[in-house]
Amino acid sequence: MSTIRARLNIERDGFSLAVDLALPGQGVTALFGHSGAGKTTVLRAIAGLERAPGGFVAFDDDTWQDEARGVFVPPHCRALGYVFQEASLFPHLSVRANLEFGQKRVPARERRFDLAQVAELFGLSELLARRPQHLSGGERQRAAIARALLASPRLLLMDEPLASLDLQRKREILPYLERMHDALSIPIIYVSHSADEVARLADHIVLLQAGRVAASGTLTETLARTDLPGAFGDDAGVVFETVLAAHEEDELSRLTFDGGSLYVARRREALGSRLRCRIHARDVSLALERPRATSIVNVLPALVTATAATDTPGHALVQMRIGSAPLLARITERSRRELGIVAGMQVWAQVKGVALLN
Ligand SMILES: Nc1ncnc2c1ncn2[C@@H]1O[C@H](COP(=O)(O)OP(=O)(O)OP(=O)(O)O)[C@@H](O)[C@H]1O
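Residues numbered from 1 in each chain as written. Predicted model: local features only at pLDDT ≥ 70, side-chain atom pairs only at ≥ 80, totals over all residues. Heavy atoms only, no water.

## Description of the overall build of the chain
Helix and strand counts for the chain stand at eight helices and 21 strands. The C-alpha atoms of the chain give 22 Å as radius of gyration, which agrees with the globular expectation for 358 residues (21 Å, within 12%). Considering the chain as a whole, with its 358 residues, one finds that 51% of them fall into the buried category. Carbon and sulfur atoms make up 48% of the accessible area of the chain, which totals about 16,400 Å². Positive and negative charge centroids in the chain, built from 43 and 41 side chains respectively, lie 2 Å apart. (Helix = DSSP H or I, 4+ residues; strand = E, 2+ residues; numbered from the N terminus. Rg over C-alpha atoms; globule rule 2.2 N^0.38 Å. Buried < 20%, exposed > 50% of the residue type's maximum accessible area, 1.4 Å probe, protein only. Areas by Shrake-Rupley, 256 points an atom, 1.4 Å probe, with all protein chains shown as cover. Lys, Arg positive; Asp, Glu negative; His and termini not counted. Charge placed at Lys NZ, Arg CZ, Asp CG, Glu CD.)

Rendered as structure tokens:
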């Protein structure tokens, strides 16, 4: 498996960045963190838009920066695509000409993607003749991503590509990003400070705090950590990778995961579809015995693996496993103490809300 390496040290007034990253060369890696944590700086340094003194950046055996050996490949010679917060299309060119501009940067036999295929993937086929000023913000951003891909990069860097869009447009564009993730095998580093966006798109996450890597790992395991207070705040929660197993009575569908089943409002997808769900810690409550009279549909046996304080005084985070799937519950410290919840206990987790992310 290919790997992205980035050893970067940058000093600015009031800010210092020191990271040593080894990222998987496949799937989506989210660079996540609060404003000012250094996410954009890392991305720009990987692209060579910013030169980290003494830095080292490589994609597989392609070394882009190795100051110890005097290597610094300029940004336009690195096989990467960069998508900015605001779509940067040429206003005087049609969408098609903008896409062709990306494509023409590479000789025909080295092109990895076909213009028609990428246009179709991003819902641009009907918009190819239009100028950027006649596109919506979401369409413009889709065209900017398509243009970056058509330059056949080995790595795609995306800096909060949805940041300039309103909620409605964000919702519109997310499915396109998911399709890109599923259809094209190109590694992506995706900067975001939205936990929901990350939960939806990422496979791997790097949590940056004040210029340092606070955590790096698979999305599932990192979101389930209890030792990162403040990182996810009120959005703390896990993701489950599930399979749509059955449609049942009462307009319910049953999803299976490695450890059990979850019921959700009936889905339209075909049986066997893979669906990613998000369960917020605040939507999970705990009981020591199996609740008999409860309106909650999803009640799952779980093994407590850790407990921790949260950044909200009076609240505790309880980490559990259901089979191999981690789950978090946020309960009051008083309840935790009165129920005597500690690692190693068997409990019943009542899941009040399951958000389907697809
Ligand atoms: N060109 C620059 N010159 C000096 N300082 C800068 C420059 N660009 C960014 N900074 C500072 O470096 C730090 C990291 O900024 P960076 O943009 O990497 O953070 P970020 O995590 O991407 O934040 P955001 O989510 O707000 O975009 C901040 O303190 C910022 O003020």
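## Thoughts on the nonpolar core
Grouped together as the largest cluster of nonpolar side chains are 84 residues, with contacts concentrated most on Phe122, Leu156, Met180, Leu286 and Met320. Sort the elements by how many residues they give to this core and helix H4 (residues 137-150) lands first, with seven residues. Apart from residues lying up to four places away in sequence, Leu156 is in contact with Gly81, Tyr82, Val83, Ile145, Ala148, Leu149, Met180, Ile186, Pro187, Ile188 and Ile189. Core analysis: the second largest hydrophobic core is formed by 29 residues, Ile10, Leu23, Leu31 and Leu155 among them. (Core = buried A, V, L, I, M, F, W, Y, C linked by side-chain atoms within 4.5 Å. Contact = heavy atoms within 4.5 Å.)

## A short note on the confidence of the model for the chain
Averaged over all residues, the pLDDT of the chain is 92; the fraction at 70 or higher stands at 100%. Overall fold confidence (pTM) sits at 0.89, and the ipTM for the predicted complex is 0.93. (pLDDT = per-residue confidence, 0-100.)

## Re the sheet that holds strand E18 (residues 315-322)
Spatial ordering of the open sheet is given by E16-E20-E17-E18-E19, a layout of five strands whose pairing is antiparallel. Strands with a single pairing partner mark the edges of an open sheet, and in this sheet they are strand E16 (284-287) and strand E19 (325-332). Taking each pair of neighbouring strands and ignoring which way they run, the sheet shows an average axis angle of 45 degrees. Pairing of strand E17 (residues 298-309) with E18 involves six bridges; the strand directions are antiparallel. If you follow Ala308 over to E18, its bridge partner there is Leu317. (Pairing = 2+ DSSP bridges. Axes fitted to C-alpha atoms, helices over the stretch in contact; angles between N-to-C directions.)

## What to know about unusual backbone geometry
Phi at Asp250 takes a positive value of approximately 60 degrees, unusual for a residue other than glycine. Since its relative accessible area comes to 67%, Asp250 is described here as exposed. In this model, Glu251 sits at a positive phi of 60 degrees, which is unusual for a non-glycine residue. Note that Glu251 resides in the loop between strand E12 (237-248) and strand E13 (252-257).

## Brief notes about the UniProt feature "domain: Mop" (unreviewed entry) in the chain
Those residues carrying the UniProt feature "domain: Mop" (unreviewed entry) are residues 293-358 in this numbering. Along residues 293-358 the backbone is 11% helical and 55% strand, and the end-to-end C-alpha distance reaches 32 Å. (UniProt positions renumbered as here; feature names shortened; annotations may be inferred.)

## Comments concerning the pattern of salt bridges
Once the charged atoms of two side chains with opposite charge are near each other, the side chains can pair. One pass over the structure, following the stated rule, counts 20 salt bridges. Between Arg282 and Asp234 there is a salt bridge, and its shortest N-O distance comes to 3.8 Å. Note that Arg282 is positioned in the loop between strand E15 (274-280) and E16 and Asp234 in the loop between helix H7 (219-223) and E12, a separation of 48 residues in sequence. Of the charged contacts in the structure, one is a salt bridge between Asp234 and Arg330, with a shortest N-O distance of 2.8 Å. Separated by 96 residues along the polypeptide, Asp234 in the loop between H7 and E12 and Arg330 in strand E19 bring together distant segments of the chain. One network of salt bridges, in which partners are shared, links Arg12, Arg44 and Glu50. (Salt bridge = Lys/Arg side-chain N within 4 Å of Asp/Glu carboxyl O.)

## A short note on the environment of Ser94
Within the secondary structure layout, Ser94 lies in the loop between strand E7 (80-83) and helix H2 (95-104). Given the relative accessible area of 19%, Ser94 is considered buried. Each C-alpha atom, one on Ser94 and one on Leu31, is 32 Å from the other, the two residues being 63 residues apart in sequence. Residue contacts for Ser94: discarding those within four places in its chain leaves Leu128, Ala129, Arg130 and Arg131.

## With respect to the packing of H4 against helix H5 (residues 167-183)
At a closest axis distance of 9 Å, the pairing of H4 and H5 adopts a crossing angle of 20 degrees. Classified by the angle their axes make, H4 and H5 are roughly parallel. Between H4 and H5 lies a crossing whose hand is right-handed. Where H4 approaches H5, its residues Gly137, Gly138, Gln141, Arg142, Ile145 and Leu149 are matched on the opposing element by Arg169, Ile173, Tyr176, Leu177 and Met180. For the contact of H4 with H5, the per-class residue count stands at six nonpolar, three polar and two charged. (Parallel < 35°, antiparallel > 145°, perpendicular 65-115°, else oblique. Left-handed = near helix turned anticlockwise from the far one by under 90°. Nonpolar A, V, L, I, M, F, W, Y, C, P; charged D, E, K, R; others polar.)

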